[in-house]
Amino acid sequence: MFSRHLTKDISAYCHGELSNEESKQFAEHILSCAKCRTKFEEVKLGIKLAEQLPQLSAPDHLWYELEPLLAGQTETTANLTSSRYRSWRMLAATAAALLLISSLGIWWVYNNRTYPLSSENPKAGWHVKRLDGAPKIGSESISNNGQLAVGEWLETDGSSRAQIAVGSIGDVEIDENTRVRLLQTQPTEHRLELARGKMSARIWAPPRLFFVNTPSAVAADLGCAYTLEVDDHGSSLLHVTSGWVALELKDRESIVPAGASCETRPVLGPGTPYFEDCSTGFRDALKKVDFDPDAAARSTALASMLDQARPRDTLTLWHLLARVDGEDRGHVYDRMAAFVPPPAGITRQGVLQLDRTMLETWRHALESTWMSGSGKGKRKPIGEAVKNGLSRRLKDMVPK
Ligand SMILES: [Zn+2]
């Protein structure tokens, strides 16, 4: 299908050496080309591992041996060569020292590469453009353009808005009364913290490169556009307009496609995704199922949801399978099976026992039903890359 693979560009992409346009073309190619994506994942993993190399100190005895040798450089050559033993020791010690110095040098160069300040160089921080009013980076207002470095806060008041260029992989618009902080920007991971307020993201990178930490979940980009809003209590609301987003906290994960939304709560994490064109009754009942502390109230609400569900609402029901138990889980299964019979090999018993493979297989079969809705927004089936991503549990997605 592809006449030209981009494997030779992977290193340049990972080191921020491609132009914005080239990066965008690279990311789009990676999204749809399994061969290049596999190579890219390998390089990404290698970079991650390199970043985790510990800084080693030379053992003390090496310095004790080096000191006299260095002092000995002032001695006469004749004196040095008079002993083959000393000469051998000097050679060995020097070789060891050179090896150590070069290893530390490579490590240091890797970790201290300097980048000019531009949006094409991810380590420099992100370029910020003022859209309205006077947004602040730290305590300084920016006039038209600014640079958001790692660790810095960008804040807007009731009359200011800003736009951030996320390296070369996308952009994020910051609404009024919003506080965001840049946590990390690396070729292998870009991460923002949204403490409060609202942001809209458009990302054209391979899945799981862009993350947003909120007080109650982490949003992982799976190739998409979305808005994310955090209130003063730390609850958030995600609304996906294109592609897919994963919301995660600890072992709880919600996969949210275009046209769907998902709420989160502190401690509890992500609620269950729902299509926005579902009935009001369905949505209200879901809120109870997700967040009501009373078990009986949750059970009653679930029955009401099952009554009002449409075939597309199997998005919500599929997520609920693992979140309700006992007879409730059986009721959810039966309602889903009436809408979209499970593919061959999937049994009621297996699903009720939350067999991972069966759940995933059924989900893939359900995707066409989820994508066939009448709602707004571009919809496309979740790609192979995303599927691969979903089957992974990313410990690093949990807020630190
Ligand atoms: Zn390719």
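Presented here is a report on the structure given in the accompanying data block.

Conventions adopted
Residues numbered from 1 in each chain as written. Predicted model: local features only at pLDDT ≥ 70, side-chain atom pairs only at ≥ 80, totals over all residues. Heavy atoms only, no water. Helix = DSSP H or I, 4+ residues; strand = E, 2+ residues; numbered from the N terminus. Buried < 20%, exposed > 50% of the residue type's maximum accessible area, 1.4 Å probe, protein only. Pairing = 2+ DSSP bridges. Core = buried A, V, L, I, M, F, W, Y, C linked by side-chain atoms within 4.5 Å. Phe/Tyr/Trp six-rings, centres within 6.5 Å; stacked < 30°, edge-to-face > 60°. Salt bridge = Lys/Arg side-chain N within 4 Å of Asp/Glu carboxyl O.

### Digging into unusual backbone geometry
Phi is positive for Asn177, close to 50 degrees, though the residue is something other than glycine. Here Asn177 shows up in the loop between β7 (170-174) and β8 (179-186). Judged by its relative accessible area of 43%, Asn177 falls in the partly exposed class. Of note in this structure, Arg208 is not a glycine but carries a positive phi near 60 degrees. Within the secondary structure, Arg208 sits in the loop between β9 (189-203) and β10 (210-214). Residue classification places Arg208 among the buried residues on the basis of a relative accessible area of 3%.

### Describing the pairing of strand β6 (residues 161-166)
Residues of β6 alternate between two faces, with Ala162, Ile164 and Val166 buried on one and Arg161, Gln163 and Ala165 left unburied on the opposite face. Across five bridges, strand β1 (residues 126-132) lies against β6 in antiparallel orientation. Counterpart to Val128 in the pairing with β6 is Ile164. In terms of strand pairing, β6 meets β7 through five bridges, oriented antiparallel. Bridge assignment links Ile164 to a residue of β7, and that residue is Val172.

### Thoughts on the nonpolar core
Judged by nonpolar contacts, the single largest core of 86 residues is most densely connected at Met199, Phe210 and Tyr226. Counting residues per element, this core draws most heavily on strand β11 (residues 217-230), which supplies nine residues.

### A short note on the packing of aromatic side chains
Counted according to the given criterion, the structure contains five aromatic pairs. Residues Tyr13 and Phe26 carry aromatic rings whose centres are separated by 4.3 Å and whose planes lie at 25 degrees to one another, so their mutual orientation is stacked. With Tyr13 in helix α1 (residues 10-14) and Phe26 in helix α2 (residues 20-32), the pair connects residues that are 13 residues apart, well separated along the chain. You can call Phe26 buried: its relative accessible area is 1%. For the pair Tyr13 and Phe40, a centre-to-centre distance of 5.9 Å together with 70 degrees between the ring planes defines the contact as edge-to-face. Pair noted here: Tyr13 is in helix α1 and Phe40 is in helix α3 (residues 34-51), with a separation of 27 residues, a long-range link. By relative accessible area, which is 7% here, Tyr13 ends up buried. Ring pairing ties together the aromatic residues Tyr13, Phe26 and Phe40, which thus form one cluster.

### Let's talk about the pattern of salt bridges
For the structure on display, the rule yields 20 salt bridges. Where Glu263 meets Arg265, a salt bridge forms, and the shortest distance between an N and an O atom there is 3.1 Å. According to the relative accessible area criterion, Arg265 is partly exposed, its value standing at 22%. Across the salt bridge formed by Asp313 and Arg310, the nearest N and O atoms sit 3.0 Å from each other. What makes Asp313 buried here is its relative accessible area of 0%. Each of the salt bridges in this network shares a partner with another, and the network as a whole consists of Asp277, Arg310, Arg312 and Asp313.

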